[in-house]
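Report on the structure
The residues making up each chain are set out below.
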Amino acid sequence: MRNGLFSLRGHAQSRKSLLSRASWTLILTLAWTSLAALEASGHPVRHAEESLVDPASALRETVRELNARVAAKKPRFDRMPREGDLHYECQALPALPTTLLCLFNMRLLMNAALARASYYSENEKRVLSDSEMLEEVKTSRALGFNLSAPMLEDFQSRRESAREFASTRPSSGALEAIGPAESVFLQTENRFEEDFALPFTSSYPSGYLLTAAADDDLESLLGHEIQHAQFFHDATFRTTVERYWRDATTSADKDTFVAALKGSYDVENPRIVLDEFQAYMLMEHPTLKALEPLADKHRFLLRKALEDAGTKPYRDRLQGSSPEFALSRQ
């Protein structure tokens, strides 16, 4: 563990190491408990921004170092994942309270670890079956995931109930002819849940989790996910986005945005709509291409509203300053 409190390396071969999976779980649980105890006692918990290090530089350096370590564990050739391929590391992000970033060495394995939980969080409050989960993994175009600890804990509880219900019924409709890759996907989800997700939610209930796959363009890809952490943590930011959506976004633009999200998100949930609105509108090049005209229209106006409220997007810390915004104000 590079950081005594926050860094965790996970991989499928951990069973063969000196520390068993149970030991890793215990270590992470103790780490989270120690930090929670410090905060509860009123003793200051030191974060990067409290030091002499510039918080933006510290954030970028943390992400770059983490990315380099995990990228070194990528398989040499593009192929379907095999048993033993899984490697991920999780680390706290400087200046972002209680936010952890988990980087995976393969995007498919990241999807396997959290596709079912993300579907529950952003689509509908239903636990996908194993066969549905496998289909979701194979067809997913997700570049990253974001989950609050309360939502992840809710999913874990609902999934456990689903498991108990399933165990009382005859074994009909079981997975047929499961292949090696499918087996790896299911193992990945279970191992990530046991080794990280369960101790994370039980020991730090106000935490926030971001995930991505190691990538040459990680800072750009992570810019969207990091905005979800700000929406969760920063009340001023969240209130400003809500006001901007209500007062400065036309009905036509709202309809266009919601239509673009349909099928991928629960558009009946106002919080999800607002959270995705700010994350996509602050992107220079939204990954949903249909949203580019809207982002071009609202990006600078939303930034101005945020600055007037005394806050700025976290993505600026990750990617440096925003010269486009500066030019727009001259």
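Residues numbered from 1 in each chain as written. Predicted model: local features only at pLDDT ≥ 70, side-chain atom pairs only at ≥ 80, totals over all residues. Heavy atoms only, no water.

1. Points about the confidence of the model for the protein chain
Here is the rule: Looking at any residue, its pLDDT shows the predictor's confidence there, from 0 to 100. Note on conventions: DSSP H or I runs of at least 4 residues are helices, E runs of at least 2 residues are strands, and numbering of each starts at the N terminus. Should any heavy atoms of two residues lie within 4.5 Å, those residues are counted as being in contact.
Confidence in the prediction of the protein chain, expressed as mean pLDDT, is 82, and 77% of residues score 70 or more. In the model of the protein chain, helix α13 (residues 323-328) stands out as the element of lowest mean pLDDT, 40, in contrast to helix α8 (residues 235-248), which has the highest, 98. Note on residues 1-7: pLDDT under 50 across the span, and 18 contacts to partners over four residues away in sequence or across chains. Counted against residues more than four places away or in other chains, residues 11-50, with its pLDDT under 50, gives 59 contacts.

2. Let's talk about the side chain of Thr-188
With respect to the element layout, Thr-188 can be found in helix α6 (residues 180-203). Setting aside its immediate chain neighbours within four residues, Thr-188 contacts Leu-86, Leu-109, Ala-112 and Ala-113.

3. Thoughts on the environment of Ala-142
Within the secondary structure, Ala-142 sits in the loop between α4 (130-139) and β4 (144-148). A C-alpha to C-alpha distance of 8.8 Å links Ala-142 and Ala-115, two positions 27 residues apart in sequence. The residues touching Ala-142, leaving out its near neighbours within four places in the chain, are Arg-107, Met-110 and Asn-111.

4. As for the nonpolar core
Rules: Think of a nonpolar core as a cluster: buried Ala, Val, Leu, Ile, Met, Phe, Trp, Tyr and Cys residues, connected wherever their side-chain atoms sit within 4.5 Å. Throughout, exposure labels follow a simple rule: accessible area from a 1.4 Å probe, protein chains only, divided by the maximum for the residue type, with under 20% read as buried, over 50% as exposed, and the rest as partly exposed.
Membership of the largest hydrophobic core comes to 26 residues, with the highest contact counts inside it found for Phe-104, Leu-114, Leu-152, Phe-192, Phe-196 and Leu-209. Elements with a minimum of two residues in this core: β2 (87-92), β3 (99-104), α3 (107-122), β4, α5 (149-167) and α6. Take this core: its biggest share by element is six residues, from α3. Sequence-distant contacts of Phe-192, defined by excluding residues within four places in its chain, comprise Tyr-88, Cys-102, Phe-104, Ala-113, Leu-114, Ala-197 and Leu-209. If you look at the next biggest cluster of nonpolar residues, it comprises 22 residues, including Phe-237, Trp-245, Phe-257 and Met-283.

5. With respect to the packing of α4 against α6
Packed helices, taken two at a time, are described by the angle their axes make and the gap between the axes. As a reminder, the rule being used: Note on definitions: angles span 0 to 180 degrees between N-to-C directions of axes, and those axes are lines fitted to C-alpha atoms, for helices only across the stretch in contact. Note that the term roughly parallel is reserved for angles under 35 degrees, roughly antiparallel for angles over 145, roughly perpendicular for angles of 65 to 115, and oblique for everything else. In the scheme used here, Gly and all other residues not listed as nonpolar or charged are polar, with Ala, Val, Leu, Ile, Met, Phe, Trp, Tyr, Cys and Pro taken as nonpolar and Asp, Glu, Lys and Arg as charged.
Between α4 and α6, the shortest axis-to-axis distance is 11 Å and the interhelical angle comes to 100°. If you check the angle between α4 and α6, you find them roughly perpendicular. For the pair α4 and α6, the contacting residues are Asp-130, Met-133, Leu-134, Val-137 and Lys-138 in the first and Glu-182, Phe-185, Leu-186 and Glu-189 in the second. Classifying every residue of the contact of α4 with α6 by side-chain character gives five nonpolar, no polar and four charged.

6. Regarding the layout of surface pockets
Worth spelling out the cut-off: Lining residues are those with an atom within 4 Å of a point, where the points come from a 1 Å grid over the protein atoms alone and group into cavities, where a 1.4 Å probe fits but cannot get out, or pockets, open sets with protein on both sides within 12 Å along at least five of seven lines. Grid points are joined across faces, edges and corners, and a volume is the space filled by probe spheres set on the points.
Quantified by volume, the largest pocket comes out at close to 820 Å³. Lining the largest pocket are 32 residues, and of these Arg-141, Ala-142, Leu-143, Tyr-265 and Tyr-280 lie nearest its centre. Mapped by element, the contributors of at least two residues to the lining of the largest pocket are α3, α4, β4, α7 (218-233), α10 (270-281) and α12 (315-319). Residue contributions to the lining of the largest pocket peak at five residues, all from α7. For the lining of the largest pocket, a count of residues per class yields 10 nonpolar, 14 polar and eight charged.

7. Some points on the side chain of Asn-67
Tracing the backbone through its elements, the reader meets Asn-67 in helix α2 (residues 55-71). Not counting residues within four places of it along the chain, the set of residues in contact with Asn-67 comprises Leu-103, Ala-214, Asp-215 and Leu-218.

8. Here's the deal with empty space enclosed by the protein
Tallied over the full model, the rule gives three cavities of 30 Å³ or more. As for the largest cavity, its lining consists of Ala-113, Leu-114, Ala-117, Leu-152, Phe-155, Gln-156, Arg-159, Glu-189, Phe-192, Glu-193 and Ala-197. Taken together, the elements giving at least two residues each to the lining of the largest cavity come down to α3, α5 and α6. A breakdown of the residues in the lining of the largest cavity according to their chemical character gives seven nonpolar, one polar and three charged.

9. Considering helix α9 (residues 251-261)
Because the α-helix completes a turn every 3.6 residues, residues three or four places apart line up on one side. The cut-off we apply is this: This arc is taken over the directions from the axis of the helix to the C-beta atoms.
Listed as buried for α9 are Asp-253, Lys-254, Phe-257 and Leu-261. Taken end-on, α9 shows its buried residues confined to a sector of 100°, consistent with a single buried face. Along α9, the residues that are exposed and aim more than 90 degrees away from the buried face are Ser-251 and Asp-255. In the core, the buried residues of α9 are packed alongside α8, α10 and α11 (292-308). Note on α9: the residue one or two positions beyond its end, Gly-263, has a positive phi of about 95°.

10. Brief notes about the environment of Asp-154
One can find Asp-154 in helix α5. Residue classification places Asp-154 among the partly exposed residues on the basis of a relative accessible area of 34%. Sequence separation between Asp-154 and Ser-121 is 33 residues; the distance between their C-alpha atoms is 9.1 Å.

11. Side note on the pattern of salt bridges
If charged atoms from side chains of opposite charge come close, those side chains can pair. Selection criterion: A carboxyl oxygen of Asp or Glu within 4 Å of a side-chain nitrogen of Lys or Arg is what we treat as a salt bridge.
Using the criterion set out here, one finds 18 salt bridges in the structure. A salt bridge links Glu-292 to Lys-289; the shortest N-O distance between them is 3.8 Å. Where salt bridges share partners, they join Arg-116, Asp-130, Arg-159, Glu-189 and Glu-193 into one cluster.

12. Concerning the state of the cysteines
This is how the line gets drawn: Two cysteine sulfur atoms form a disulfide, by the criterion used here, when they sit within 2.5 Å.
Taken as a whole and judged by the stated rule, the model has one disulfide. Note on cysteine connectivity: Cys-90 is disulfide-linked to Cys-102, with sulfurs 2.0 Å apart. One quick way to see it: the torsion about the S-S bond of Cys-90 and Cys-102 is about 105°, and its sign makes the bridge right-handed. Taken as a pair, Cys-90 in strand β2 and Cys-102 in strand β3 lie far apart in primary sequence, 12 residues in all. The class for Cys-102 is buried, based on a relative accessible area of 0%.

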